[in-house]
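# Coordinates in review
Now for the letters of each chain:
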Amino acid sequence: MMRVCYLLQTHKSPEQVERLVRRIKSLSPTAQILISHDFTNCDLPRSTFEDLPNVDLIPSRGGRGSFEIVQSYLDAIAWLLASGSDFSWLINLSGQDYPIRPLAEVEKSLSHTDYDGFVHHFEVFSKHSPWKRNEGYSRYHYKYRTLNRDLAEWQKEMLKPVKLLNYLQPFFRVNFSYGITLGLRTSSPFNQHFVCYGGSFLCTLSRLCVEYLHRYVQLNSDIVDYYKGVAIPDECFIQTILVNSQKFKLCNDSRRYFDFSQTRNGHPKILQSTDFPALMNSHADFARKFDLAVDRDVLDLIDTAIAPIRI
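Being a predicted model, the structure only gives us computed values, none of them experimental. (Residues numbered from 1 in each chain as written. Predicted model: local features only at pLDDT ≥ 70, side-chain atom pairs only at ≥ 80, totals over all residues. Heavy atoms only, no water.)

## Description of the layout of surface pockets
Quick note on the threshold: Cavity means a closed set of points on a 1 Å grid over the protein atoms alone, one where a 1.4 Å probe fits but cannot get out, pocket means an open set with protein on both sides within 12 Å along at least 5 of 7 lines, and lining means a residue has an atom within 4 Å of a point. Grid points are joined across faces, edges and corners, and a volume is the space filled by probe spheres set on the points. Each helix is a run of H or I in the DSSP string that is no shorter than four residues. Each strand is a run of E no shorter than two, and both are numbered from the N terminus. Lys, Arg, Asp and Glu make up the charged group, whereas Ala, Val, Leu, Ile, Met, Phe, Trp, Tyr, Cys and Pro make up the nonpolar group; the residues left over, Gly among them, are polar.
Taken as a whole, the second largest pocket encloses approximately 270 Å³ of empty space. Tallying contributions element by element places strand β8 (residues 142-148) first for the lining of the second largest pocket, with three residues. A class-by-class count of the residues in the lining of the second largest pocket yields six nonpolar, eight polar and four charged.

See below:
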């Protein structure tokens, strides 16, 4: 029997996390949900989900732009495999994602697909990369230290002129997207046999891919240690390992809807009711990101459109 596990990596907005969990269970009652929550940021009472079957909650550490979010993903995989979970597919989501397609359709398509995974990927240092060459180079050829995690958006804007230093010399890099980080030039493991791939952290992986990823990190601590020092490893780690393995048939599509047309500091647009037509016409499985404090009506519109069921 094909079974999907939805891995939710969360760190804030308990109300929104609960809504997402209950929505998934209403659309896929037999699905397994594993919530990997960063309790250092806010509480998420286990009692919230005690009436729902096959919903588990484990502690983790978040941290967009650092290896902590990747480590939390790897820890969740280890937990699933150790617990004897019978999942066939693993779909990772953030607490600000939401299904925009009936999950029965999503799961049926996974049960019939020839692909082993749905992972957005591209060669970071290729001329065809959507990133500027200096972007990938700065991220993955430098070892970073975080000097300050907490920066307001206005502070990031104020500090942007300092980033001109990145274009004037090759020895160090400064980045303010996720706090204040300083990177020093280092040798990398990337070459023609181990290509650096980038893409979205959110993906849909078969059990074969998940098990391979788990084995790889156990056997290649040097690669894991390298990624612990780079900037924004979550947009490179999974892609680089799976694509370089050449063992899997990977669809170059994360099956997610984002809107980066108005992005600032790497964050996609907060989706609102005015975005409803575009996201529903995207044919994606999930969309992000949503914020109940900004617009909760858009989630009501989605619920009504794909299946007006609540539990």
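Here the narrative resumes, following the displayed structure.
## Topic: the nonpolar core
Here is the rule: What makes a nonpolar core is a set of buried Ala, Val, Leu, Ile, Met, Phe, Trp, Tyr and Cys residues whose side-chain atoms join them at distances within 4.5 Å. For each residue, the accessible area found with a 1.4 Å probe, counting protein chains only, is set against the maximum for its type, and the residue is called buried under 20%, exposed over 50%, and partly exposed in between. Any two residues having at least one pair of non-hydrogen atoms within 4.5 Å are treated as being in contact.
Core analysis: the biggest nonpolar cluster contains 47 residues, and Y73, L90, L205, F237 and I238 have the highest contact counts within it. Sorting the residues of this core by element identifies β1 (4-10), α2 (68-83), α6 (207-219), α7 (221-227) and α8 (237-245) as the ones contributing at least two each. Tallying contributions element by element places α2 first for this core, with seven residues. In this structure L90 touches C5, L7, Y73, I77, L80, C203, T204, L205 and V210, once residues within four positions along its chain are discounted.

## Observations concerning the packing of helix α1 (residues 14-27) against helix α10 (residues 297-306)
Put simply, the rule is: An axis is simply a line fitted to the C-alpha atoms; with a helix, the fit covers only the stretch in contact. Between two such axes, the angle follows the N-to-C directions and lies from 0 to 180 degrees. Here the angle decides the label: under 35 degrees means roughly parallel, over 145 means roughly antiparallel, 65 to 115 means roughly perpendicular, and every other value means oblique.
Contact geometry of α1 with α10 gives a least axis separation of 12 Å together with a crossing angle of 5°. Between α1 and α10, the angle falls in the class roughly parallel. Together, R19, R23 and L27 of α1 and L299, D300, I302, D303 and I306 of α10 make up the contact between the two elements. Its residues assigned to classes, the contact of α1 with α10 comprises four nonpolar, no polar and four charged.

## A look at the state of the cysteines
The cut-off we apply is this: In this description, a disulfide is simply a cysteine sulfur pair whose atoms lie within 2.5 Å.
Counting across every chain of the model gives zero disulfides. Note on C5: no disulfide assigned, nearest cysteine sulfur contributed by C203 at a separation of 13 Å.

## So, the pattern of salt bridges
Side chains carrying opposite charge are able to pair once their charged atoms draw close together. The condition that has to hold: In what follows, salt bridge is the name for a side-chain nitrogen of Lys or Arg lying within 4 Å of a carboxyl oxygen of Asp or Glu.
Applying the stated criterion to the full structure yields 17 salt bridges. The closest approach of N and O atoms between D285 and R101, which form a salt bridge, is 2.8 Å. With a gap of 184 residues between them, D285 in the loop between α9 (276-280) and β15 (286-288) and R101 in the loop between β5 (97-99) and α3 (103-112) connect regions that are remote in the sequence. With relative accessibility at 2%, the residue D285 sits in the buried group. Across the salt bridge formed by K228 and D225, the nearest N and O atoms sit 3.9 Å from each other.

## Brief notes about unusual backbone geometry
Here the bond from R288 into K289 is cis, since omega is 0°, no more than 30 degrees from zero. Within the secondary structure layout, K289 lies in the loop between β15 and α10. Even without glycine at this site, H283 takes up a positive phi of about 65°. Mapped onto the fold, H283 is located in the loop between α9 and β15.

By themselves, these figures tell us nothing about what the structure is for.
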